[in-house]
Amino acid sequence: MPTEVIMPQMGESIFEGTITKWLKKIGDTVAVDEPLFEISTDKVDAEIPSPVAGVLAEIRFAEGATVEVNTIVAVIGEVGSAVAVAQVPQIPIQKAAALQVPPPQVAQEPIQEPAPSRAGRMRSSPLARRIAKEHGIDLSRIAGTGTGGRIGKDDVLRAAQSPSTQQSVQKSAPLQVAPELSTLPGEPVPLTRMRAIIADRMIESVRTSPHVYSVYKVDMTRIARLREQHRAGFEQRHGVKLTFMPFIAAAAVAALRRFPIVNASLENAKDGLAIRYHWTINLGIAVALDGGLIVPVVREAEAASFVALARTIADLALRARTKKLSPDEVGGSTFTLTNAGAFGGEFGMPIINQPESAILAVGGLRKEPAVLTDADGNDSIAIRSMQYFCLGFDHRLIDGADGGKFMLEFKKALENWDQEIG
């Protein structure tokens, strides 16, 4: 049977993607997981792999088309089979005759570049359209500088900064001007689509889960000294900088293994709510982007060495910021880390990433005086590297005692670090 290929959802707040390039043509043989086409979204540029092995029998959208998630974009047929293709109204389509291997030389109906609408939808990136909408700019009046005349973010920003455009925007749509470009103080600015979806998900999470928070201060002096001692050699040996995050991730994994209820989730069952204990620890790492947030996932983190955690976290964060994540690298996390202290905050009180039951916010690292007690009970004051961590959890599933036990185990793992760094 033929297999339909759909436009994947690259993150919770993504609702469409633009096909930027087809890597295969009609009649080409494809292997399972072989790159089939490239897409661009507000957050990610990625190659989409073929879900099965076979022959590319049908392409429903040309390069440059913007397609909603879960829409069928192509069909993979079995080798040596004939695929009957139904015409889809108003969608550029390419058909294949009876497919053989090697494929016969058949006259193919070429894909026509989609004609741009008045809003330039078919030849512009999602980000470009969003910026244009915020500024009240007609994309049909902009000449794109991308491949095939595709309009990108820079094209729209240049148009937005031109005096003629600003004058036109002020006359026709004063409320569509984005705050960073000549918005008058006090003017309301509509939410972007991505921000609106994020807002909905945050409200949904707060309504779903009764949030409880537990804040612990951890003495990170030992970790700070180990990092300073090993950072140069670690980067030389492994090609990645030694940050605090792999230490924190490893400690979180150790605590999750001791207290799996914190890695569990609630779900609807026939007789009401049920607890899902996850077999693996899929560690979400929240990464801030311009105008939004994405959570790439370290899968089966419990099986990863310290070096593997460091490499994976650095790689996912880099590719998240450069929009190079693949579909299976976003979503499916069972516990999330978010770095609230990256911008100088003492600690943050995060909202749970549904359907998870807990999230750990990393606070800022500070040197401060602390009272130390030796084995004989004598107290002294010393300068220590201290850091706050805040666990937010769903009180329907996780009691305060369980949250406290988890945090004590997490604190112990960091303050008495005994793992190999590599």
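Parameters and conventions
- Residues numbered from 1 in each chain as written.
- Predicted model: local features only at pLDDT ≥ 70, side-chain atom pairs only at ≥ 80, totals over all residues.
- Heavy atoms only, no water.
- Helix = DSSP H or I, 4+ residues; strand = E, 2+ residues; numbered from the N terminus.
- Buried < 20%, exposed > 50% of the residue type's maximum accessible area, 1.4 Å probe, protein only.
- Contact = heavy atoms within 4.5 Å.
- Axes fitted to C-alpha atoms, helices over the stretch in contact; angles between N-to-C directions.
- Parallel < 35°, antiparallel > 145°, perpendicular 65-115°, else oblique.
- Nonpolar A, V, L, I, M, F, W, Y, C, P; charged D, E, K, R; others polar.
- Core = buried A, V, L, I, M, F, W, Y, C linked by side-chain atoms within 4.5 Å.
- pLDDT = per-residue confidence, 0-100.
- Left-handed = near helix turned anticlockwise from the far one by under 90°.
- Pairing = 2+ DSSP bridges.
- Salt bridge = Lys/Arg side-chain N within 4 Å of Asp/Glu carboxyl O.
- Phe/Tyr/Trp six-rings, centres within 6.5 Å; stacked < 30°, edge-to-face > 60°.

Trainee: Mind showing me how you'd approach the overall build of the chain here?
Mentor: Within the chain, the regular secondary structure consists of 8 helices and 18 strands. In the chain, which comprises 422 residues, the proportion classed as buried is 46%. Residue pairs in contact within the chain that sit at least 24 positions apart in sequence constitute 62% of those at least 6 positions apart.

Trainee: How should I be thinking about unusual backbone geometry in this particular structure?
Mentor: As a rule of thumb, non-glycine residues mostly have phi less than zero, and peptide bonds are mostly trans rather than cis. Of note, the amide linkage connecting Gln 354 to Pro 355 takes the cis form, showing an omega dihedral of 5°. The topology assignment puts Pro 355 in the loop between strand 16 (335–338) and strand 17 (358–373). Phi is positive for Asp 33, close to 70°, though the residue is something other than glycine. At Asn 70, a position not held by glycine, the phi torsion is positive, near 70°. Of note, Asn 70 is situated in the loop between strand 7 (66–68) and strand 8 (72–77).

Trainee: In this structure, what is going on with the packing of helix 5 (residues 221–238) against helix 7 (residues 306–321)? I would like to understand it.
Mentor: Each pair of packed helices can be summarised by the angle the axes make with each other and by the distance between the axes. Put simply, helix 5 and helix 7 touch, their axes get as near as 12 Å, and they point 80° apart. Classified by the angle their axes make, helix 5 and helix 7 are roughly perpendicular. On the side of helix 5, the interface is formed by Phe 234, Arg 237 and His 238, while helix 7 contributes Phe 306, Val 307, Ala 310 and Arg 311. Here the residues of the contact of helix 5 with helix 7 are counted per class, giving 4 nonpolar, 1 polar and 2 charged.

Trainee: So what exactly am I meant to see when it comes to the nonpolar core here?
Mentor: Soluble globular proteins tend to bury their nonpolar side chains together. Formed by 79 residues in total, the largest nonpolar core has its most connected members in Val 73, Phe 335, Leu 337, Phe 389 and Phe 410. Top contributing element to this core by residue count: helix 6 (residues 245–258), with 10 residues. Once you skip the residues sitting within four places of it in the chain, Phe 410 turns out to touch Ile 248, Ala 251, Ala 252, Ala 255, Leu 360 and Phe 389. Of all hydrophobic cores here, the second largest spans 10 residues; its members include Ile 131, Ile 137, Leu 139 and Val 156.

Trainee: Looking at this structure, how should I read the confidence of the model for the chain?
Mentor: Where the model shows low pLDDT, its predicted coordinates should not be examined in detail. Averaged over every residue, the pLDDT of the chain is 82; the share at 70 or more is 80%. This model gives residues 83–100 a pLDDT under 50, and the stretch forms 49 contacts once residues within four places in sequence are excluded. Of the regions scoring below 50 in pLDDT, residues 169–180 engages in 25 contacts with residues more than four places distant in sequence or in other chains.

Trainee: I keep staring at the packing of helix 6 against helix 7 and nothing clicks. Help me out?
Mentor: The interhelical angle for the contact between helix 6 and helix 7, taken along N-to-C directions, is 120°, at an axis separation of 9 Å. Here helix 7 runs oblique to helix 6, going by the angle between their axes. Here helix 6 and helix 7 pass one another in a crossing that is right-handed. Here Met 245, Pro 246, Phe 247, Ala 249 and Ala 250 of helix 6 come into contact with helix 7, specifically with Phe 306, Leu 309, Ala 310 and Ile 313. Taken together, the residues of the contact of helix 6 with helix 7 sort by class into 9 nonpolar, no polar and no charged.

Trainee: Hey, could you run me through the sheet that holds strand 4 (residues 35–40) in this one?
Mentor: What links the strands of a sheet is backbone hydrogen bonding, and the strands pair in either a parallel or an antiparallel sense. Overall, antiparallel pairing links the 4 strands, which are arranged 5-4-2-7 in an open sheet. Every other strand in the sheet has two partners, leaving strand 5 (45–49) and strand 7 as the edge strands with one partner each. Strand-to-strand twist across the sheet, computed as the mean angle between neighbouring axes with direction ignored, equals 40°. By the bridge criterion, 3 bridges tie strand 2 (residues 16–22) to strand 7 in an arrangement that is antiparallel. Residue pairing for strand 7: Gly 17 is matched across the bridge by Val 67.

Trainee: Any chance you could explain the pattern of salt bridges here in plain terms?
Mentor: Oppositely charged side chains can pair when the atoms bearing their charge come close. Per the counting criterion, the structure on display carries 13 salt bridges. Across the pair Arg 60 and Glu 58 runs a salt bridge, and its minimum N-O distance is 2.6 Å. An identical accessibility class is assigned to Arg 60 and Glu 58; each is buried. Between Arg 231 and Glu 228 there is a salt bridge, with the nearest N and O atoms lying 3.1 Å from each other. Placement of both Arg 231 and Glu 228 in helix 5 is noted, with a separation of 3 residues, approximately one turn of the helix. Residues joined in a network through salt bridges with shared partners are Asp 315, Arg 319 and Glu 329.

Trainee: Would you mind showing me how to read the sheet that holds strand 12 (residues 283–285) here?
Mentor: Here we have 6 strands laid out as an open sheet, ordered 9-18-17-16-12-15, and mixed in their pairing. If you trace the sheet from one side to the other, it starts and ends with strand 9 (211–219) and strand 15 (297–298), each paired once. Pairing analysis gives 9 bridges linking strand 9 to strand 18 (residues 379–394), with the strands arranged antiparallel. The residue of strand 18 that forms the bridge with Ser 214 is Leu 391. Where helix 6 meets the sheet, its contacts fall on strand 12, strand 16, strand 17 and strand 18, and the angle it forms with strand 16 comes to roughly 150°.

Trainee: Would you take a moment to explain the environment of Asp 374 for this structure?
Mentor: For Asp 374, the location among the structural elements is in the loop between strand 17 and strand 18. The partly exposed category is assigned to Asp 374, whose relative accessible area is 38%.

Trainee: What exactly am I supposed to notice about the pairing of strand 16 here?
Mentor: Looking along a regular strand, one sees side chains alternate from face to face of the sheet. Covered by surrounding structure in strand 16 are Phe 335 and Leu 337 together with Thr 336 and Thr 338, the residues of both alternating faces. One ladder, built from 3 bridges, connects strand 12 with strand 16; its direction is parallel. By the bridge assignment, Leu 283 is partnered in strand 16 with Phe 335.

Trainee: Would you explain the packing of aromatic side chains in this entry?
Mentor: How two aromatic rings sit relative to each other is set out by the distance from centre to centre and by the angle between their planes. Considering all chains together, one arrives at 8 aromatic pairs under this definition. Look at Phe 306 and Trp 417: their rings are 5.8 Å apart centre to centre, the planes differ by 75°, and that puts the pair in the edge-to-face class. One end of the pair, Phe 306, is in helix 7; the other, Trp 417, is in the segment after helix 8 (400–415), and 111 residues separate them in sequence. Exposure remark for Phe 306: the relative accessible area of 5% places this residue in the buried category. Judged by centre distance (5.7 Å) and plane angle (55°), the rings of Phe 347 and Tyr 388 are tilted. Taken together, the positions of Phe 347 in the loop between strand 16 and strand 17 and Tyr 388 in strand 18 put the pair 41 residues apart, joining distant regions of the chain. Taking the relative accessible area as the measure of exposure, Phe 347 reaches 37% and is therefore partly exposed. The class of Tyr 388 is partly exposed, set by a relative accessible area of 23%.

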